[in-house]
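Coordinate analysis (summary)
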Amino acid sequence: MSSVLLPPVPVPDPDTAPYWAGLKNGKLMLCRCDDTGKWIHPPLERSRYTGGPVHFEEVSGEGTIFSYIVVRQALVPGRMPPYVVGLIELVEQPGLRINAVVDADPADVRIGQQVELRIVDLGESGYRIPEFVITAEQRHLPLASRRKCAPKSACRGTFASARARR
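I will try to describe carefully the structure that is included in this document. In this text the structure is predicted, and so the values were computed from the model without any measurement. (Residues numbered from 1 in each chain as written. Predicted model: local features only at pLDDT ≥ 70, side-chain atom pairs only at ≥ 80, totals over all residues. Heavy atoms only, no water.)

**Notes on the nonpolar core**
Definition in use: Residues enter a nonpolar core if they are buried and are Ala, Val, Leu, Ile, Met, Phe, Trp, Tyr or Cys, with the set joined through side-chain atoms within 4.5 Å. Each residue gets one of three labels from its accessible area relative to the maximum for its type: buried under 20%, exposed over 50%, partly exposed in between, using a 1.4 Å probe on protein chains only. To qualify as a helix, a DSSP run of H or I must reach at least 4 residues; to qualify as a strand, a run of E must reach at least 2; elements of each kind are numbered from the N terminus. Only heavy atoms enter the contact rule, under which two residues are in contact if any of them lie within 4.5 Å.
Grouped together as the largest cluster of nonpolar side chains are 32 residues, with contacts concentrated most on Tyr-19, Leu-30, Ile-88 and Leu-90. Broken down by element, this core gets its largest block of residues, 4 residues, from strand β1 (residues 29-33). Those residues in contact with Tyr-19, other than ones at most four positions away along the chain, are Leu-28, Met-29, Leu-30, His-41, Phe-56, Ile-98 and Pro-130.

**A few points about the pattern of salt bridges**
We apply this condition: In the sections that follow, a salt bridge refers to a side-chain nitrogen of Lys or Arg positioned within 4 Å of a carboxyl oxygen of Asp or Glu.
As enumerated under the stated definition, the model contains 6 salt bridges in all. The salt bridge involving Glu-131 is made with Arg-118; its shortest N-O contact spans 2.8 Å. One end of the pair, Glu-131, is in strand β8 (residues 128-134); the other, Arg-118, is in strand β7 (residues 114-121), with 13 residues separating them in the sequence. When its relative accessible area of 6% is taken as the criterion, Glu-131 is described as buried. Connected through shared salt-bridge partners, Arg-79, Asp-103, Arg-118 and Glu-131 make up one network.

**Focus on the sheet that holds strand β5 (residues 83-90)**
Our working definition: Two strands pair under a simple rule: DSSP has to find at least two bridges between them. Each axis is a line fitted through C-alpha atoms, and for a helix only the stretch in contact is used; angles between axes span 0 to 180 degrees, taken between their N-to-C directions.
Judged by pairing direction, the barrel is mixed, and its 5 strands sit side by side in the order β4-β5-β6-β8-β7 before closing back on the first. Across the sheet, the axes of successive neighbouring strands diverge by a mean angle of 50°, strand direction being ignored. Two strands pair when backbone bridges link them, and strand β6 (residues 97-102) and β8 are joined in this way by 2 bridges, in the parallel orientation. Directly across from Val-102, in β8, lies its bridge partner Phe-132. Running over the sheet, helix α1 (residues 17-24) touches β6, β7 and β8 and is turned about 65° from β8.

**Observations regarding the environment of Ile-119**
If you trace the backbone, Ile-119 turns up in strand β7. Remark: the alpha-carbon pair of Ile-119 and Lys-27, spanning 92 residues in sequence, is separated by 7.8 Å. Beyond its immediate sequence surroundings of up to four residues, Ile-119 is in contact with Leu-23, Gly-26, Lys-27, Leu-28, Arg-128 and Ile-129.

**Description of the packing of aromatic side chains**
Stated formally: We call Phe, Tyr and Trp rings a pair once their centres come within 6.5 Å, taking the six-membered ring for Trp, and we label the pair stacked below 30 degrees between planes, edge-to-face above 60, and tilted otherwise. Here, a charge over a ring means that NZ of Lys or CZ of Arg falls within 6 Å of the ring centre while also lying within 35 degrees of the ring normal.
Per the stated rule, a full pass over the model turns up 2 aromatic pairs. Aromatic pair Tyr-19 and Trp-20: ring centres 4.9 Å apart, planes at 85°, arrangement edge-to-face. The same class applies to Tyr-19 and to Trp-20, which are both buried. Ring geometry for Trp-20 against Tyr-127: centres 6.1 Å apart, planes inclined by 85°, an arrangement best described as edge-to-face. Of this pair, Trp-20 sits in helix α1 while Tyr-127 sits in the loop between β7 and β8, and the two are 107 residues apart along the sequence. Under the relative-accessibility criterion, Trp-20 is labelled buried at 17%. Ring pairing ties together the aromatic residues Tyr-19, Trp-20 and Tyr-127, which thus form one cluster. Against the face of Tyr-83 rests Arg-79, its NZ or CZ located 5.8 Å from the ring centre. Lying over the aromatic face of Phe-66, Arg-97 brings its terminal NZ or CZ to 3.6 Å of the ring centre.

**Considering the sheet that holds strand β2 (residues 39-40)**
Strand order in this open sheet of 3 strands is β2-β1-β3, and the pairing throughout is antiparallel. Each edge of the open sheet is held by one strand with a lone partner, namely β2 and β3 (54-58). Relative to β3, β1 runs antiparallel, the two being bridged by 5 bridges. Residue pairing in the sheet places Arg-32 in a bridge with His-55 of β3. Across the sheet, α1 lies against β1 and β3, angled at about 140° from β1, the strand it touches most.

**Description of the pairing of strand β4 (residues 62-71)**
Where β4 and β7 come together, 3 bridges link them in antiparallel fashion. For Glu-62, the partnering residue across the bridge sits in β7 and is Glu-116. Bridging between β4 and β5 involves 8 bridges; their strand directions are antiparallel. Following the sheet pairing, Gly-63 is matched in β5 by Leu-90.

Structure follows, in structure tokens:
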């Protein structure tokens, strides 16, 4: 018997099954309200806006880093620290956000950077998960031009400014 811990495997339920099926097929499918057209994530059985029906549609996978953390301790089997977990705001709708690993050197990640989706295998489980990568245009910008907050005083008290002061 192997002593290696495997990454956690999703357990789809009726609300999330289309999300996981989409990822297996190489698409990021998110829940959308039939009545208003607004996106809903995480998925729900009924619309949070109207209580009406919902369906799943593919999203582009393009977005920006709204927030992030750097994980420096081994917390998830199959993931070696340090790595970045980002809260990505997708271009389809303001406030439509998804948590995922950002595959980048933690020192290169900045709030406001443009990212794009990459769907990767979750070990040998048969499941696939979303990850994001910094777009090629953003990778080649100097660090100073990537900074979201212009004046230092505007960033006081934020995680981004704490890193800049180090």
